[in-house]
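Residues per chain, in single letters:
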Amino acid sequence: MFVTDSVKYIGVDDKDIDLFESQYVVPEGVSYNSYVIMDEKITVMDTVDARATDEWVANLKEALGGKTPEYLVISHLEPDHAANIQKIAEMYPGMKLVSNAKTFQMLPQFFDFDFSGRAVTVKEGEELSIGSHTLQFFMAPMVHWPEVMVTYEKSEKILFSADGFGKFGAISASNDDDWACEARRYYFNIVGKYGAQVQALLKKASGLDIGIICPLHGPVLKENLGYYINKYDIWSSYKPEDSGVLVAYASIHGNTAKAAKECAEMFKNKGVGKLELFDLSRDDMAEAIEAAFRYDRMVIASATYDGGLFPVMEDFLAHLKSKNYQKRKVALIENGSWAPVAAKKMADMLGSMKDIEICEKKASIKSVMKESDKKDIEAIVEAML
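Residues numbered from 1 in each chain as written. Predicted model: local features only at pLDDT ≥ 70, side-chain atom pairs only at ≥ 80, totals over all residues. Heavy atoms only, no water.

Q: I would appreciate a short explanation of the pattern of salt bridges in the present structure.
A: A side chain of one charge can pair with a side chain of the opposite charge if their charged atoms are brought near each other. By the definition in use, this model includes 18 salt bridges. For Arg294, the salt bridge identified is with Asp242, shortest N-O distance 2.7 Å. Linking Arg294 in helix 9 (residues 285-294) with Asp242 in strand 16 (residues 242-250), this pair joins segments that are 52 residues apart in sequence. Judged by its relative accessible area of 21%, Arg294 is partly exposed. By relative accessible area, which is 15% here, Asp242 ends up buried. (Salt bridge = Lys/Arg side-chain N within 4 Å of Asp/Glu carboxyl O. Helix = DSSP H or I, 4+ residues; strand = E, 2+ residues; numbered from the N terminus. Buried < 20%, exposed > 50% of the residue type's maximum accessible area, 1.4 Å probe, protein only.)

In structure tokens form, the structure reads like this:
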């Protein structure tokens, strides 16, 4: 695939992977993106995961057509992008490695190979001419590893954005009309903690004339770039993307589930158009995290369990905290047969997060939802509206 006449895509779709990073379900797989810039000094932009080595090497050789690359640019050392650095270095002994000092400091942690005589260390804003193309490098520490950098190709206005603007899903399975769904799930679950660092990178990018974005996962972006950049600005500033409600529940025997479903139905009857209901025991946790960040309001319902929270609710809130959940309004529904404490436990966990407004109205159910409980849930809905 040609990105432009001189920039070739040599990445690989992985449709057999079950869990990305051993935790995120990817029913449509994932792509490992890599590129070659054909010029006087041929430059390879990143490698791929070890799962895709053979296909990537074949793509690389076909793109090179018997020629030898001058440089390998390393944007990010995570193994899904960097697993084949040593392999390509051994294939082309004269090829130099281009990256920043932090990358070369970390490189020996991954490979038992002496790269010292081949390292080209670049700093913020430095440029490298490879012929008619000029590469300019910008550091992106903690987006989402400390060594990350992005590369801007000046003549064709291409941003090689590392993990930025990536998404789940093999490219061959991607629906460009639904980019935001899997890009949002990818962003908040992988990069979400580092909003301030993403904002800093967006500020750098705002000074560039970008015509194409080449991420390390997902499709190459060539049109309507303002849409994608605006999404990243919203996500990284932790502003709600949509006015809507997530109702997430953790239920043991189904009684807390009934209360949560009653709550969701009340929101629907009140005209709330954007609403999602999640069973935290059964639904994809990463999608629940995505929805929590997408909407401005959330209702969480949990059974009391061993004097604390039912484990999946505790896990959900711990995930939210680790991803820097903030600037939202949250209401609480608890259930317990003899000593309900779930609301207090949920409030305590939310209290450790930034700018979370906890609704004054709450519902405390004793075992099975009664008519009086429905009135309390209705009061929550009214307050959240």
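Q: Can you walk me through the packing of helix 5 (residues 179-191) against helix 7 (residues 225-236) in this structure?
A: Two quantities define a packed helix pair, namely the angle between the axes and the distance from one axis to the other. Interhelical geometry of helix 5 versus helix 7 gives an angle of 35° and a closest axis separation of 11 Å. Crossing handedness for the pair helix 5 and helix 7: right-handed. Within the contact between the two elements, helix 5 uses Trp179, Ala180, Ala183, Arg184, Tyr187 and Phe188 and helix 7 uses Tyr227, Tyr228, Lys231, Tyr232, Trp235 and Ser236. Per-class residue counts for the contact of helix 5 with helix 7 are nine nonpolar, one polar and two charged. (Axes fitted to C-alpha atoms, helices over the stretch in contact; angles between N-to-C directions. Left-handed = near helix turned anticlockwise from the far one by under 90°. Contact = heavy atoms within 4.5 Å. Nonpolar A, V, L, I, M, F, W, Y, C, P; charged D, E, K, R; others polar.)

Q: How should the side chain of His81 be read in this particular structure?
A: Here His81 lies in helix 2 (residues 79-82). Ignoring anything within four residues of it in the chain, the contact list for His81 reads Asp46, Thr47, Val48, Asp49, His76, Asp163, Leu216 and His217.

Q: How should the sheet that holds strand 7 (residues 43-45) be read in this particular structure?
A: Two modes of strand pairing occur in sheets, parallel and antiparallel, and in both the strands are linked by backbone hydrogen bonds. Reading across the sheet, the six strands line up as 1-6-7-8-9-10 and stay open at both edges, with mixed pairing between neighbours. This sheet does not close on itself; its edge strands, each paired only once, are strand 1 (7-9) and strand 10 (119-121). Taken over all neighbouring pairs, the strand axes of this sheet differ in orientation by 25° on average, direction set aside. Across three bridges, strand 8 (residues 71-73) lies against strand 9 (residues 96-99) in parallel orientation. Within strand 9, the residue paired with Leu72 across the bridge is Leu97. (Pairing = 2+ DSSP bridges.)

Q: Is there a simple way to explain the environment of Leu128 in this structure?
A: Its location among the elements puts Leu128 in strand 11 (residues 127-129). Each C-alpha atom of the pair Leu128 and Val98 lies 9.5 Å from the other, and the pair is 30 residues apart in sequence. Beyond its immediate sequence surroundings of up to four residues, Leu128 is in contact with Tyr71, Val98, His133, Thr134, Leu135 and Phe137.

Q: Hey, could you run me through unusual backbone geometry in this one?
A: Excluding glycine, a negative phi dihedral is what most residues carry, and trans is how most peptide bonds are arranged. In this chain, Val143 is followed by His144 through a cis amide linkage whose omega measures 5°. As for its placement among the helices and strands, His144 is situated in the loop between strand 12 (134-139) and strand 13 (149-153). One non-glycine residue, Lys157, adopts positive backbone phi at about 60°. Take Lys157: it is sitting in the loop between strand 13 and strand 14 (158-160). Residue classification places Lys157 among the partly exposed positions, given a relative accessible area of 34%. The phi dihedral of Asp355 is positive, around 55°, even though this residue is not glycine. Within the fold, Asp355 resides in strand 21 (residues 354-365).

Q: I tried to follow the side chain of Arg185 on my own but got confused; where do I start?
A: Structurally, Arg185 can be placed in helix 5. Polar side-chain contacts of Arg185 include one of 2.8 Å to the side chain of Glu182. (Polar contact = N/O pair within 3.5 Å; in protein donor to acceptor, adjacent residues only side chain to side chain.)

Q: It is not clear to me how the environment of Ala140 should be interpreted in this structure. Could you clarify?
A: With respect to the helices and strands, Ala140 occurs in the loop between strand 12 and strand 13. Of the residues examined, Ala140 reaches a relative accessible area of 3% and is grouped as buried. Sequence separation of Ala140 and Leu309 is 169 residues, and the distance between their C-alpha atoms is 38 Å. If we skip the residues at most four places from it in the chain, Ala140 touches Trp145, Val148, Met149 and Leu201.

Q: Just to check I follow, could you spell out the packing of aromatic side chains for this structure?
A: One pair of aromatic rings is described through two measures. These are the centre distance and the angle between the planes. With the rule as written, the count across this model stands at 22 aromatic pairs. Taken together, a centroid distance of 5.6 Å and an interplanar angle of 50° make the contact between Tyr232 and Trp235 tilted. With Tyr232 and Trp235 both in helix 7, this residue pair falls three residues apart, about one helical turn. Neither Tyr232 nor Trp235 differs from the other in exposure class; each is buried. Pairwise contacts between aromatic rings join Phe165, Trp179, Tyr187, Phe188, Tyr227, Tyr228, Tyr232, Trp235, Tyr238, Phe293 and Tyr325 into one cluster. (Phe/Tyr/Trp six-rings, centres within 6.5 Å; stacked < 30°, edge-to-face > 60°.)

Function-wise, these values are silent; they only describe arrangement.
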